[in-house]
Amino acid sequence: MTFKELVFSDISKTHGENARQVYVEFENGYDVSVVNHKHSYGGDKGLYEIGCFFNNHMVDPADWGDTVKGWLTPEDVERELKLIEAL
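Residues numbered from 1 in each chain as written. Predicted model: local features only at pLDDT ≥ 70, side-chain atom pairs only at ≥ 80, totals over all residues. Heavy atoms only, no water.

**Points about unusual backbone geometry**
Working step 1: Phi angles above zero are rare outside glycine, and Asn-18 is one such case at about 65 degrees.
Working step 2: Within the element layout of this structure, Asn-18 appears in the loop between helix H1 (12-15) and strand E2 (20-25).
Working step 3: A positive phi is found at Trp-71, a non-glycine position, where the angle reads about 60 degrees.
Working step 4: Within the secondary structure layout, Trp-71 lies in strand E6 (residues 68-72). (Helix = DSSP H or I, 4+ residues; strand = E, 2+ residues; numbered from the N terminus.)

Below is the structure:
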């Protein structure tokens, strides 16, 4: 999955102007939220934050040290999605 294939939704009503999110569900049971908004890590710099879920609970899938990982470029998002999909 490439970053260009992600179809973001506008979440400006709940997260502020120009906020957007995409939710990716993987066959291995992991789900990932990718966001960019003024309160996300790196959002004010045009970067992305991802959060990972398993069985409806936020998890740290790859020893991130947290359940979210921010300050991600589109290439970083692609890399993390591929890593999570392969778990």
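On we go from here.
**Observations concerning the pattern of salt bridges**
Working step 1: Counted by the stated rule, this structure contains 2 salt bridges.
Working step 2: Lys-69 is paired through a salt bridge with Glu-80; the nearest N and O atoms lie 2.9 Å apart. Of this pair, Lys-69 sits in strand E6 while Glu-80 is found in helix H2 (residues 74-85), placing the two residues 11 residues apart along the sequence.
Working step 3: When its relative accessible area of 26% is taken as the criterion, Lys-69 is described as partly exposed.
Working step 4: You can call Glu-80 buried: its relative accessible area is 5%.
Working step 5: Residues Asp-76 and Arg-79 are paired through a salt bridge, measuring 3.2 Å at the closest nitrogen-oxygen approach. Taken as a pair, Asp-76 and Arg-79 lie in helix H2 at a separation of 3 residues, close to a single helical turn.
Working step 6: Classification of Asp-76 as buried rests on a relative accessible area of 17%. (Salt bridge = Lys/Arg side-chain N within 4 Å of Asp/Glu carboxyl O. Buried < 20%, exposed > 50% of the residue type's maximum accessible area, 1.4 Å probe, protein only.)

**Regarding the nonpolar core**
The nonpolar side chains of a soluble globular protein tend to be buried, and buried together.
Working step 1: The biggest cluster of nonpolar side chains holds 17 residues, and the ones touching the most others in it are Leu-6, Val-32, Val-34 and Val-77.
Working step 2: Those elements that place two or more of their residues in this core are E2, strand E3 (30-36), strand E4 (48-54) and H2.
Working step 3: Not counting chain neighbours up to four residues away, the residues in contact with Val-32 comprise Val-22, Tyr-23, Val-24, Phe-26, Ile-50, Gly-51, Cys-52, Leu-81 and Ile-84. (Core = buried A, V, L, I, M, F, W, Y, C linked by side-chain atoms within 4.5 Å. Contact = heavy atoms within 4.5 Å.)

**Describing the environment of Ala-19**
Working step 1: When you line up the elements, Ala-19 lands in the loop between H1 and E2.
Working step 2: Given a relative accessible area of 2%, Ala-19 falls into the buried group.
Working step 3: Sequence-distant contacts of Ala-19, that is, excluding residues within four places in its chain, are made with Ser-9, Asp-10, Ile-11, Ser-12, Asn-36 and His-37.

**A short note on the packing of aromatic side chains**
Working step 1: One pass over the full model with this rule turns up 5 aromatic pairs.
Working step 2: Residues Phe-3 and Phe-8 carry aromatic rings whose centres are separated by 5.7 Å and whose planes lie at 50 degrees to one another, so their mutual orientation is tilted.
Working step 3: Overall, the relative accessible area of 18% leaves Phe-8 in the buried class.
Working step 4: Look at Phe-8 and Tyr-48: their rings are 5.8 Å apart centre to centre, the planes differ by 40 degrees, and that puts the pair in the tilted class. Of this pair, Phe-8 sits in the segment before strand E1 (9-10) while Tyr-48 sits in strand E4; the two residues are 40 residues apart in sequence, bridging distant segments of the chain.
Working step 5: With relative accessibility at 6%, the residue Tyr-48 sits in the buried group.
Working step 6: Three or more aromatic residues joined by ring pairs form one cluster here, namely Phe-3, Phe-8 and Tyr-48.
Working step 7: Directly above the aromatic system of Phe-8 lies the positively charged group of Arg-20, at a separation of 4.2 Å from the ring centroid. (Phe/Tyr/Trp six-rings, centres within 6.5 Å; stacked < 30°, edge-to-face > 60°. Lys NZ or Arg CZ within 6 Å of the ring centre and 35° of its normal.)

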